[in-house]
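Chain and residue survey
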Amino acid sequence: MTKAVLFDFDETLQDRTAAFEKYMDAFMEKYLPDLPENEKIKRKKDMVDTGNGGYVNREEWYQGLIDMWNWKNAPSKSELANHYDTQFGYFNVIFKGSVPLLKELRLRGVKTGVITNGPSVLQHKKMEQSGLMPYCDILVVSGDLPFAKPEPEIFVYAAEKLGIAVDECVYVGDHPLNDIKGALSAGMKAIRMNWGWFKGEELRPDVPIIEDIYDVLKFI
């Protein structure tokens, strides 16, 4: 019996690809407002192409962009990384099915929550701004802990906080390693959200696949 359904955040409960588009517009407006529109479009594509869906060392990534663009008088890579970590959370694009799904699960008596990797300030801001916190029993952020996905400890930690056995939990996420392999290694069941940067990659025949978050209910 499923007693808890836990979720990744980016590309699972929210469309990170769309959120990143909004963030890039704000980034360009703040740091490069005088660029011609066609150059802004090109540089946004550079940010997407090099961004690995958010799985980068932020300072190294920004330094690479500074070098790629030959950006004279650029802010420091640490300032740009701090801008991302403190501002990206204001640009959430939550999937339309996320709140109805969380509400329905709770109506069924199923605990819900989020396990997400990332810096504390960034991930907490995302969740605070997301509108999802009233429908979550727990939020676990790797930046607050000595372990992170795909380490099984973070999944076990969340289950223990809820007082539920790991094999009574289902984890939903988009990342084939961090989310799916990680959850399975901890003893949870898993559902693959086939969306975003990793769409179509390393799909497993033993793990249900969805492209609409509300379809989680088909497997609970």
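Scroll up to find the structure this text is about.
Description of the structure in this document. (Residues numbered from 1 in each chain as written. Predicted model: local features only at pLDDT ≥ 70, side-chain atom pairs only at ≥ 80, totals over all residues. Heavy atoms only, no water.)

1. Points about the sheet that holds strand β6 (residues 209-210)
Within the open sheet, the 6 strands sit side by side as β3-β2-β1-β4-β5-β6. Their pairing is parallel. Of all the strands in the sheet, the pair left with one neighbour each is β3 (138-141) and β6. Taken together, the 4 bridges between strand β4 (residues 169-173) and strand β5 (residues 189-193) define a ladder with parallel strand orientation. By the bridge assignment, valine 172 is partnered in β5 with isoleucine 191. On the sheet, helix α7 (residues 152-162) packs against β1 (4-7), β2 (111-116), β3 and β4 and is oriented at approximately 155° with respect to β3. Against the sheet, helix α8 (residues 176-186) touches β4 and β5, its axis set at about 160° to β5. (Pairing = 2+ DSSP bridges. Helix = DSSP H or I, 4+ residues; strand = E, 2+ residues; numbered from the N terminus. Contact = heavy atoms within 4.5 Å. Axes fitted to C-alpha atoms, helices over the stretch in contact; angles between N-to-C directions.)

2. Quick notes on the packing of aromatic side chains
All chains considered together, the criterion is met by 19 aromatic pairs. For the ring pair tryptophan 61 and tyrosine 84, a centre distance of 6.3 Å and an interplane angle of 85° mean the geometry is edge-to-face. Here tyrosine 84 lies in helix α4 (residues 77-87) and tryptophan 61 lies in helix α3 (residues 58-69), a separation of 23 residues in the sequence. By relative accessible area, tryptophan 61 is classed as buried at 8%. Seen from their ring centres, tryptophan 69 and tryptophan 71 are 5.8 Å apart, and the 50° between their planes marks the pair as tilted. Under the relative-accessibility criterion, tryptophan 71 is labelled buried at 12%. In this structure an aromatic cluster arises from ring pairing among Phe20, Tyr23, Phe27, Tyr31, Trp61, Tyr62, Trp69, Trp71, Tyr84, Phe88 and Phe91. Between the NZ or CZ atom of lysine 30 and the centre of the ring of tyrosine 31, over which it lies, the distance is 5.4 Å. (Phe/Tyr/Trp six-rings, centres within 6.5 Å; stacked < 30°, edge-to-face > 60°. Buried < 20%, exposed > 50% of the residue type's maximum accessible area, 1.4 Å probe, protein only. Lys NZ or Arg CZ within 6 Å of the ring centre and 35° of its normal.)

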